[in-house]
Amino acid sequence: FPVTIGHKALKDEIRSNYNYTCYECNKVQRSPGLSIHHIDYNYNAGCNNMKFALLPLCNSCHGKTNFNRWFWFNKYISYWAKPYLDFDKMMVVHNF
């Protein structure tokens with residue numbers, strides 16, 4: 001997280017919203033706290049209370065997301081976009 005006013009409170013809120021449970025492995029972890037993962041790897045996403053791209057991960061799972069980022073981005077983007085998109089009705093068109 002960039003150093004911003006209230007970033008600790010935002011991280012604590014994300015952890016609380018998920019009942020202090022890692023999104024990936026379901027491990028409950030209160031102390032030390034879960035890491036907060038930016039789904040889109042945009043570390044400014046935590047600013048201005050934009051919580052939609054943040055997930056709590058234990059240190060083990062968060063470490064895994066630093067490798068093969070395309071895999072993790074695609075895995076978690078469905079979580080991020082699901083409230084806004086109906087994947088069953090989407091059609092991807094490629095213009096090459």
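Notes on the structure in this doc start here. The residue numbers shown here count from 1 along each chain, following its written sequence. Reporting in this predicted model follows two pLDDT cut-offs: at least 70 for local features of residues, and 80 or more for side-chain atom pairs to be given and counted; totals over whole chains, interfaces and linings ignore these cut-offs and use all residues. Working from all heavy atoms in the structure, the side-chain values ignore hydrogens and water.

### Quick word on the side chain of Arg15
Note the cut-off: Strands are runs of DSSP state E lasting at least 2 residues, helices are runs of H or I lasting at least 4, and numbering of each runs from the N terminus. Here a polar contact is taken to be a pair of N or O atoms separated by no more than 3.5 Å, where protein atoms must pair a possible hydrogen donor with a possible acceptor and residues adjacent in sequence count only if both atoms sit in side chains. The criterion used for residue contact is that any of the two residues' heavy atoms lie within 4.5 Å.
With respect to the helices and strands, the residue Arg15 is situated in helix α1 (residues 7–17). A polar side-chain atom of Arg15 sits 2.9 Å from a polar atom in the side chain of Asp12. Once residues within four sequence positions are removed from consideration, Arg15 is found in contact with Tyr20, Gly33, Leu34 and Ile36.

### Here's the deal with the packing of aromatic side chains
We apply this condition: Two rings from Phe, Tyr or Trp (for Trp, the six-membered ring) form a pair when their centres are within 6.5 Å of each other. A pair whose planes differ by under 30 degrees is stacked, one over 60 is edge-to-face, and the rest are tilted. A 1.4 Å probe rolled over the protein chains alone gives each residue an accessible area, and that area as a share of the maximum for its type sets the label: buried under 20%, exposed over 50%, partly exposed in between.
Enumeration according to the criterion identifies five aromatic pairs in this entry. Between Tyr18 and Tyr23, the ring centres sit 6.1 Å apart and the planes meet at 85°, which makes this aromatic pair edge-to-face. Look at Tyr23 and you get partly exposed, because its relative accessible area is 31%. By way of ring pairs, the aromatic residues Tyr18, Tyr23, Phe71, Trp72 and Tyr76 are connected into one cluster.

### A look at the nonpolar core
The following threshold applies: Take the buried residues of types Ala, Val, Leu, Ile, Met, Phe, Trp, Tyr and Cys, join any two whose side-chain atoms come within 4.5 Å, and each joined set is a nonpolar core.
Formed by Cys22, Leu34, Ile39, Tyr41, Leu55, Leu57, Cys58, Cys61, Trp72, Tyr76 and Ile77, the largest nonpolar core amounts to eleven residues. Those elements giving two or more residues to this core turn out to be β2 (54–57) and α3 (69–81). Ranked by the residues each element gives to this core, the list is headed by α3, at three residues.

### Considerations on the pattern of salt bridges
Inclusion rule: Put simply, a salt bridge is a Lys or Arg side-chain nitrogen that is within 4 Å of an Asp or Glu carboxyl oxygen.
For the structure on display, the rule yields three salt bridges. Linking Asp12 and Lys8 is a salt bridge whose minimum nitrogen-to-oxygen distance equals 3.0 Å. Highlighted residues: Asp12 and Lys8, both in helix α1, separated by four residues, approximately one helical turn. What makes Asp12 partly exposed here is its relative accessible area of 29%. Its relative accessible area of 55% is what places Lys8 among the exposed residues.

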